[in-house]
Amino acid sequence: PNPAAKRIVPSVMEGSSAFLFLAAETLLQSWGGIIRLFPCVPGDFTGSFRGLLAQGGFEVSAEMEKGCITGCSVRSLRGGTFRMLDPADRTGSVIEKTLAPGEDWNFSIERQ
């Protein structure tokens with residue numbers, strides 16, 4: 001280690017916030033006009049997230065159990081149309097819904 005490193009390189013917030021960014025990106029991705037739920041989690045992942053923001057002013061929450069999405073909800077903060085990879089279909093089909101400001105869309109799958 002260089003003893004002068006603290007004097008040469010200032011501390012930055014980006015280092016610690018990068019971890020939060022990476023964690024959020026594993027749970028929700030929103031780019032190219034499509035919302036993707038749990039795009040980067042292990043195949044047997046169990047977990048959930050609440051209130052992550054997607055492009056277009058949509059607040060998204062979702063749950064996953066043993067690698068299968070069991071539910072999600074989308075709330076429109078300003079009104080508009082969202083497109084999401086269908087959580088029940090692994091072939092890449094897309095759901096498209098138009099919501100009014102403050103309107104919710106809910107999706108759930110009963111596990112057998």
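Above this text is the structure in question.
Residues numbered from 1 in each chain as written. Predicted model: local features only at pLDDT ≥ 70, side-chain atom pairs only at ≥ 80, totals over all residues. Heavy atoms only, no water.

## Observations concerning the overall build of the protein
Argument step 1. The secondary structure content of the protein amounts to 2 helices and 8 strands.
Argument step 2. Its helices and strands in sequence order give the protein the pattern α-α-β-β-β-β-β-β-β-β, from N to C terminus.
Argument step 3. Residue burial in the protein is summarised as follows: out of 112 residues, 29% are buried.
Argument step 4. Long-range pairs, those at least 24 residues apart, make up 31% of the contacts in the protein with a sequence separation of at least 6.
Argument step 5. On the protein, roughly 7,400 Å² of surface is accessible, and the fraction owed to carbon and sulfur atoms is 56%. (Helix = DSSP H or I, 4+ residues; strand = E, 2+ residues; numbered from the N terminus. Buried < 20%, exposed > 50% of the residue type's maximum accessible area, 1.4 Å probe, protein only. Contact = heavy atoms within 4.5 Å. Areas by Shrake-Rupley, 256 points an atom, 1.4 Å probe, with all protein chains shown as cover.)

## As for the pairing of strand β3 (residues 47-54)
Argument step 1. Bridge analysis of β3 against strand β4 (residues 58-65) gives 6 bridges, and the strand direction is antiparallel. Across the sheet, F49 pairs through a bridge with A62, a residue of β4.
Argument step 2. Between β3 and β4, which pair antiparallel and follow one another directly, the connecting turn spans 3 residues, one of which, G56, has a positive phi of 90°. (Pairing = 2+ DSSP bridges.)

## Things to note about unusual backbone geometry
Argument step 1. In this structure, F38 takes a positive phi of about 50° despite not being glycine.
Argument step 2. Checked against the element boundaries, F38 lands in the loop between β2 (34-37) and β3.
Argument step 3. With phi around 50°, K66 is a residue other than glycine that occupies positive phi space.
Argument step 4. Along the chain, K66 falls in the loop between β4 and β5 (68-76).

## Section: the pattern of salt bridges
Side chains bearing opposite charge may pair, as long as their charged atoms lie close to each other.
Argument step 1. With the rule as written, the count across this model stands at 3 salt bridges.
Argument step 2. Here R50 ties to E63 by a salt bridge, and the two come within 2.9 Å at their closest N and O atoms. Of this pair, R50 sits in strand β3 while E63 sits in strand β4, and the two are 13 residues apart along the sequence.
Argument step 3. Take E63: its relative accessible area is 25%, and that puts it in the partly exposed class.
Argument step 4. Between E96 and R83 there is a salt bridge; the shortest N-O distance is 3.4 Å. (Salt bridge = Lys/Arg side-chain N within 4 Å of Asp/Glu carboxyl O.)

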